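# Coordinate inspection notes
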Amino acid sequence: MTKLVFLGTGGGRFSTIYQIRATGGLYLMDGVNMHIDPGPSAAHQMHCVDLDPAKTDAVLVSHCHPDHYTDAEVMIEGMSRGGLKKRGTLLASRSVLEGSQLHGPAISNYHRSLLDRIEMASPGGSTEIDGVKVRFTSTRHSDPTGVGFSIETRDGLVSYVSDTELDERVAREQEGSRLLILPLTRPWGARIPNHLCTEDALEFVKAVKPEMAILTHFGAKLIHAGAEKQASMIEKGTGVRTVAAHDLMSVQLGKVIRIHRSGS
Ligand SMILES: [Zn+2]
Ligand SMILES: [Zn+2]
């Protein structure tokens, strides 16, 4: 059974600076263990739910903003057993690996040397991690080299969209998702460039029609407005079950999708 743990549900500058919600990323276990977007607090959050970084097989970094990458080197040290064993895979955007305009690079040569495999994630591409296919999807964001990750788990397609504006092509690339994980930064009526607000997320969910949508990456204003309230607006407008994630919430994908509110 595929299992996911939300190690953080905050996103954007102020949520991250003040840790109003944690920003540790998403952990996916499907025979292979993947840590997606380990931002600030990832190591601490792993400790809180007894997840062992030494058992992670791959670190995936969608783009080069601090709420997505700052704990990546720590997690690479974990995968490589403190640097004693060359081990693990890193999949990351061009900005994270090589640098792009104002962004990155974000992984030191030392940490690169600890890894077994490093692959650049570009939209339209794909790869496999121990037999699990990962597709790289497009985003429209202030890091133009950013990607989303669509993972073909044994329990269906799980799509982690990553930071983006509402865009027809981005939505189209998530088609067939059983679980759609959407970054909702702003509440209803408070759109800013490069991110989704609630009315945009509603259109996104309507276009993809997943079995379930899970919202995460909440900005400070959205947290103040109430994440559950935004989720119920989306659910009402789309007919798709929509959940506002909580820190350390876990999800089990079997015949049905089960949500556990906290802990593993
Ligand atoms: Zn972000
Ligand atoms: Zn971003």
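In what follows, the accompanying structure is described.

Rules used in this analysis
Residues numbered from 1 in each chain as written. Chains lettered and ligands numbered in written order. Predicted model: local features only at pLDDT ≥ 70, side-chain atom pairs only at ≥ 80, totals over all residues. Heavy atoms only, no water. Helix = DSSP H or I, 4+ residues; strand = E, 2+ residues; numbered from the N terminus. Rg over C-alpha atoms; globule rule 2.2 N^0.38 Å. Contact = heavy atoms within 4.5 Å. Areas by Shrake-Rupley, 256 points an atom, 1.4 Å probe, with all protein chains shown as cover. Donors = N, O, S within 2.8 Å, 3.2 Å for Na, K, Ca; no water. Tetrahedral: all angles 85-135°; square planar, octahedral: opposite > 155°, others 65-115°. Pairing = 2+ DSSP bridges. Axes fitted to C-alpha atoms, helices over the stretch in contact; angles between N-to-C directions. Buried < 20%, exposed > 50% of the residue type's maximum accessible area, 1.4 Å probe, protein only. Right-handed = clockwise from strand over helix to strand, strands pointing away. 1 Å grid on protein atoms, 1.4 Å probe; cavity = no way out; pocket = protein on both sides within 12 Å on 5 of 7 lines; lining within 4 Å. Points joined across faces, edges and corners; volume = space filled by probe spheres on them.

### A closer look at the overall build of the protein chain
Regarding its fold elements, the protein chain presents ten helices and 16 strands. Against the globule reference of 18 Å for 264 residues, the protein chain gives a C-alpha radius of gyration of 17 Å, in line with a compact fold. A fraction of 61% describes how many contacts in the protein chain between residues 6 or more apart in sequence connect residues 24 or more apart. Only carbon and sulfur atoms are counted for the fraction: they give 49% of the accessible area of the protein chain, which is about 10800 Å².

### Observations regarding the coordination of the zinc ion (ligand 1)
Coordination of the zinc ion (ligand 1) by the protein comes from Asp67 (OD), His68 (NE2), Asp163 (OD) and His217 (NE2), over a distance range of 2.1 to 2.3 Å. Around the zinc ion (ligand 1) sit four donor atoms; with metal-centred angles ranging over 89 to 165°, the donor geometry is irregular. Read N to C, the donor residues that coordinate the zinc ion (ligand 1) are spaced as D-H-x94-D-x53-H.

### What to know about the coordination of the zinc ion (ligand 2)
For the zinc ion (ligand 2), the full set of protein donor atoms is His63 (NE2), His65 (ND1), His141 (NE2) and Asp163 (OD), at a range of 2.1 to 2.3 Å. Relative to the metal, the four donor atoms surrounding the zinc ion (ligand 2) lie at angles of 91 to 169°, and the coordination shape comes out irregular. Mapping the donors of the zinc ion (ligand 2) onto the primary sequence gives the spacing H-x1-H-x75-H-x21-D. Between the zinc ion (ligand 2) and the zinc ion (ligand 1) the interatomic distance amounts to 3.4 Å, and Asp163 serves as a bridging ligand to the pair. One end of the pair, His63, is in the loop between β4 (58–61) and α3 (66–69); the other, Asp163, is in the loop between β10 (156–160) and α7 (168–172), with 100 residues separating them in the sequence.

### Considerations on the sheet that holds strand β5 (residues 89–92)
Taken in spatial order, the eight strands of this open sheet run β6-β5-β4-β3-β2-β1-β15-β16, and their pairing is mixed. Of all strands in the sheet, those bounded by a partner on one side alone are β6 (117–120) and β16 (257–260). Adjacent strand axes in the sheet meet at a mean angle of 15°, parallel and antiparallel pairs treated alike. In terms of strand pairing, strand β15 (residues 250–253) meets β16 through four bridges, oriented antiparallel.

### Description of the pairing of β4
The two faces of β4 match: Ala58 and Leu60 on one face and Val59 and Val61 on the other face are all buried. Following the backbone out of strand β3 (residues 33–36), through helix α2 (residues 42–48) and into the adjacent parallel β4, one traces a crossover that is right-handed. As paired strands, β4 and β5 are joined by four bridges and run parallel to one another. Within β5, the position partnered with Val59 by the bridge is Leu90.

### Quick look at empty space enclosed by the protein
Following the criterion strictly, the structure yields one cavity of 30 Å³ or more and no others. Roughly 170 Å³ of volume is contained in the largest cavity. Lining the largest cavity we find 20 residues, and of these Gly8, Gly10, Gly25, Tyr160 and Thr216 sit closest to its centre. For the lining of the largest cavity, the secondary-structure elements that each account for two or more residues are β1 (2–8), β2 (23–29), α3 and β11 (179–186).

### Some words on the layout of surface pockets
A volume near 470 Å³ is recorded for the largest pocket. Gly11, Gly12, Arg13, Phe14 and His195 are, among the 22 residues lining the largest pocket, the residues nearest its centre. Broken down by secondary-structure element, the contributors of at least two residues to the lining of the largest pocket are α1 (13–17), α3, β11 and α9 (220–225). Looking at the lining of the largest pocket, the element that brings in the most residues is α1, giving four residues.

### Some details on unusual backbone geometry
The omega angle of the peptide bond from Gly104 to Pro105 is -5°, so this bond is cis rather than trans. Looking at the element boundaries, Pro105 is found in the loop between α5 (94–97) and α6 (109–113). Backbone geometry at Asp37 places phi at a positive 55°, although glycine is not the residue there. One non-glycine residue, His217, lies in positive phi territory at about 60°. Structurally, His217 can be placed in the loop between β13 (212–216) and α9.

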